[in-house]
Amino acid sequence: MIFYSTKTSSHKAKLEEAIFRSLPPDNGLYMPEHIPSLSQAFLDDIQNKTFKEIAIEVTHTLLSDDLTRQEVVEIIDLAYDFEAPTQRISEDVYVLELFHGPSMAFKDFGARFMAALMSYFLKRNNKELNILVATSGDTGGAVAQGFFDVPGISVTILYPSGKVSDIQEKQLTTLGHNVQALEVDGTFDDCQKLVKEAFLDQELNERFNLASANSINIARLIPQSFYYFAAYAQLKQLGKPIVFAVPSGNFGNLSAGLLAFRMGLPAAHFVAATNKNNAVPRYLESGTYNPLPSIETISNAMDVGNPSNFVRLTRFFQEDLNLIREKVSGYYFDDSQTRDAMRELNDALEYIACPHTAVAYLGLEAYRKESNSDFVGVFLSTAHPAKFIDLVEQTLGKSIEVPERLQKLLSLPKTATKLSSDFISFKDLLISTLSKK
Ligand SMILES: *Cc1c(COP(=O)(O)O)cnc(C)c1O
């Protein structure tokens, strides 16, 4: 597959270059030049396919120039020992649970695939690699788990001090080995800026092999399309149009849904649901993209003022606002609405949702009201509620079960290096800790 840069469409890259560079040299984003469709025969029979079979078919369809079918099978086998089940919530309302992976958040889907794909290429070339990643909470855990002890790869994770949950912090700071955690005195946007600057820094790039694991990496985007197809496979027999509501921060998840749509997923509509960091819903309303500094909310993994995948979102529709509006509706909600939705889901529908998931549910219901049409709605559950246990218990007024995997984590000691948000100290630290080329 050939990728182009959203800034300079004449800059092209093959898969291997795109995943290891992460960002094109002009600071744009990689986009597939041509998006092939899944075969009609596969879509007609998709209800009989397993998650892995779907993942293999999607990957093979996209990357047949780069990997043989057998290589794809090996990568998918290595990446996934978990699935994406749907659960019925009420009539025509389903939740797509994306938290059954090792870090119990949907980012496992992207991180595991990327780790498997990168280690496949590294083995081929016998190279050392340093992954840099900024996290608003769940990326770090998923990336740490995905790359933990992968030979030849070190991982440096930046997270905003005091702005991630206890469990999230433990997922970043307790692995050790090839995973180092940096606790930044700043916001997620500050962390993201430091990482972006490092990738553009000539000296760092001369001395080290750097790669990103943020949702800007195309190797994270591709696998997130799998579960949209998997949800369709599970709900197809209901015979109704399907609408996906996606709780959004950096908009990698929604972009992956649009990639699936471009590959032939029969999705009727997408709902972009955000908290008060609402640059995209405001853009859909006004036609003007006006990002603002990020605001803290209870759905903190979505506290992104300037979503890094915004440009991709528009490129899936040739930057035509009317085409985007036909397929994507945006809604945003404040913390008190989010808490009400968590209580409603718990009391009336017996479903315990994390705050991000509750925002998606709100988005789905808002769209149902506004569109007044008959469809099956699927809201994406992006994290297990126990990852936000204090907030969930306090909101619902009851204690909830903590899976054993998370319980064990909480008893482990934290190891993190404190860092200010200026680039020079970050660069110095990288120079003293990374493995040279
Ligand atoms: C990262 C994250 C999101 C936002 O996903 P994007 O792809 O950045 O839009 C939503 N919910 C949870 C729990 C997350 O970790």
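Residues numbered from 1 in each chain as written. Predicted model: local features only at pLDDT ≥ 70, side-chain atom pairs only at ≥ 80, totals over all residues. Heavy atoms only, no water.

**Student:** Residues and numbers for the UniProt feature "domain: Threonine synthase N-terminal" (unreviewed entry) in the chain, please.
**Tutor:** Per the UniProt record, the feature "domain: Threonine synthase N-terminal" (unreviewed entry) sits at residues 3-80. Annotated as 46% helix and 12% strand, the span residues 3-80 places its first and last C-alpha atoms 25 Å apart. (UniProt positions renumbered as here; feature names shortened; annotations may be inferred. Helix = DSSP H or I, 4+ residues; strand = E, 2+ residues; numbered from the N terminus.)

**Student:** Hey, could you go over empty space enclosed by the protein for me, with residue numbers and the actual values?
**Tutor:** Once rolled over the atoms, a probe with the size of a water molecule shows which space is left empty. Under the criterion given, the structure shown has two cavities of 30 Å³ or more. For the largest cavity, the calculated volume is near 260 Å³. Contributions of two or more residues to the lining of the largest cavity are made by helix 6 (138-147), helix 10 (218-224) and helix 12 (252-262). In terms of residue class, the lining of the largest cavity is made up of nine nonpolar, 12 polar and three charged. (1 Å grid on protein atoms, 1.4 Å probe; cavity = no way out; pocket = protein on both sides within 12 Å on 5 of 7 lines; lining within 4 Å. Points joined across faces, edges and corners; volume = space filled by probe spheres on them. Nonpolar A, V, L, I, M, F, W, Y, C, P; charged D, E, K, R; others polar.)

**Student:** How would you explain the sheet that holds strand 10 (residues 242-247) if you had to name every residue and give the values?
**Tutor:** Overall, mixed pairing links the six strands, which are arranged 4-5-13-10-11-12 in an open sheet. Single-partner strands in this sheet number two, and they are strand 4 (86-90) and strand 12 (328-332). Neighbour-to-neighbour, the strand axes of the sheet open up by a mean angle of 25 degrees, direction not taken into account. Pairing of strand 10 with strand 13 (residues 376-381), which is carried by four bridges, proceeds in the parallel orientation. Note that in strand 13 the partner of Val-243 across the bridge is Gly-377. Strands strand 5 (93-97), strand 10, strand 11 (269-274), strand 12 and strand 13 of the sheet are contacted by helix 17 (residues 355-371), whose axis makes an angle of about 160 degrees with strand 13. (Pairing = 2+ DSSP bridges. Axes fitted to C-alpha atoms, helices over the stretch in contact; angles between N-to-C directions. Contact = heavy atoms within 4.5 Å.)

**Student:** Any details on helix 11 (residues 226-235)? Residues and values, ideally.
**Tutor:** Along helix 11, nine of the 10 residues are buried, which leaves the element largely enclosed by surrounding structure. For helix 11, every residue scored as buried is listed here: Phe-226, Tyr-227, Tyr-228, Phe-229, Ala-230, Ala-231, Tyr-232, Ala-233 and Leu-235. (Buried < 20%, exposed > 50% of the residue type's maximum accessible area, 1.4 Å probe, protein only.)

**Student:** Outline the packing of helix 3 (residues 51-63) against helix 4 (residues 69-79), supporting the account with residue identities and numerical values.
**Tutor:** Two packed helices can be described by the angle between their axes and the distance between those axes. It is at 9 Å that the axes of helix 3 and helix 4 come closest, and there the two elements cross at 135 degrees. Taken together, the axis directions place helix 3 and helix 4 in an arrangement best described as oblique. Considering the relative orientation of helix 3 and helix 4, their crossing is right-handed. Contacts between helix 3 and helix 4 involve Lys-52, Ala-55, Ile-56, Glu-57, Thr-59 and His-60 from the first element and Arg-69, Val-72, Val-73, Ile-76 and Asp-77 from the second. (Parallel < 35°, antiparallel > 145°, perpendicular 65-115°, else oblique. Left-handed = near helix turned anticlockwise from the far one by under 90°.)

**Student:** Describe unusual backbone geometry, and please don't skip the residues or the numbers.
**Tutor:** One non-glycine residue, Asn-126, adopts positive backbone phi at about 55 degrees. Checked against the element boundaries, Asn-126 lands in the loop between helix 5 (107-125) and strand 6 (129-134). Taking relative accessible area as the criterion, Asn-126 reaches 72% and is therefore assigned exposed. Of note, Gln-318 is a non-glycine position whose phi angle comes to about 50 degrees, a positive value. Relative to the elements of secondary structure, Gln-318 occurs in the loop between helix 14 (310-315) and helix 15 (321-327).

**Student:** Tell me about the sheet that holds strand 14 (residues 417-419), and please be specific about residues and values.
**Tutor:** Strand order in the open sheet formed by five strands is 9-6-7-8-14, with parallel pairing between adjacent strands. Both edges of this open sheet fall to strand 9 (210-212) and strand 14, since each of them pairs with a single strand only. For this sheet the average axis-to-axis angle between neighbouring strands, irrespective of direction, equals 30 degrees. Of the strand pairs in this sheet, strand 6 and strand 9 are connected by three bridges, and their pairing is parallel. In the strand pairing of strand 9, Ile-131 is matched with Ala-211.

**Student:** So what about the site of the ligand? Which residues, and what values?
**Tutor:** The environment of the ligand is formed by 15 residues, the closest being Lys-107, Gly-249, Asn-250, Phe-251 and Thr-382. Expressed as a share of its isolated accessible area of 380 Å², the protein-covered part of the ligand is 98%. In terms of residue class, the shell around the ligand is made up of six nonpolar, seven polar and two charged. (Near = heavy atom within 4 Å. Areas by Shrake-Rupley, 256 points an atom, 1.4 Å probe, with all protein chains shown as cover.)

**Student:** Give a detailed account of the side chain of Glu-183, specifying residues and quantitative values.
**Tutor:** Considering the arrangement of structural elements, one finds Glu-183 in strand 8 (residues 179-184). Looking at Glu-183, its side chain comes within polar contact range of the side chain of Ser-161, at 2.9 Å. Excluding its chain neighbours within four sequence positions, the residues that come into contact with Glu-183 are Tyr-159, Ser-161, Glu-169, Lys-414, Ala-416, Thr-417, Lys-418 and Leu-419. (Polar contact = N/O pair within 3.5 Å; in protein donor to acceptor, adjacent residues only side chain to side chain.)

**Student:** Before we move on, can you summarise the environment of Tyr-227 with the specific residues and values?
**Tutor:** With respect to the secondary-structure elements, Tyr-227 resides in helix 11. Looking at Tyr-227, the relative accessible area reads 0%, which means it is buried. Along the chain, Tyr-227 and Ala-256 lie 29 residues apart, while their C-alpha atoms are 9.5 Å from each other. Side-chain polar atoms of Tyr-227 contact the side chain of Asn-253, separated by 2.7 Å.

**Student:** Mind laying out the packing of helix 16 (residues 335-349) against helix 17, listing which residues take part and the relevant values?
**Tutor:** It is the contact of helix 16 with helix 17, at a shortest axis distance of 8 Å, that shows an interaxial angle of 85 degrees. Regarding the angle of helix 16 to helix 17, the classification is roughly perpendicular. Mapping the contact onto sequence places Gln-337, Thr-338, Ala-341, Met-342, Glu-344, Leu-345 and Leu-349 in helix 16 and Pro-355, Ala-358, Val-359, Tyr-361 and Leu-362 in helix 17.

**Student:** Can you explain the pattern of salt bridges? Please cite residues and give values.
**Tutor:** Should their charged atoms come close, side chains of opposite charge can pair. Under the defined criterion, the tally for this structure stands at 18 salt bridges. One salt bridge in this structure joins Glu-169 and Lys-414, with 3.0 Å as the shortest N-O distance. Here Glu-169 is found in helix 7 (residues 166-173), whereas its partner Lys-414 is found in the loop between helix 19 (404-410) and strand 14, with 245 residues between them in sequence. The class for Glu-169 is buried, based on a relative accessible area of 16%. With a relative accessible area of 38%, Lys-414 lands in the partly exposed category. Put simply, Arg-343 and Asp-340 hold a salt bridge, and the shortest N to O gap is 3.1 Å. Here Arg-343 and its partner Asp-340 are both found in helix 16, three residues apart, which amounts to about one turn of the helix. Residue Asp-340 is classed as partly exposed on the basis of its relative accessible area of 44%. In this structure, a network of salt bridges that share partners links the residues Glu-169, Glu-183, Lys-414 and Lys-418. (Salt bridge = Lys/Arg side-chain N within 4 Å of Asp/Glu carboxyl O.)

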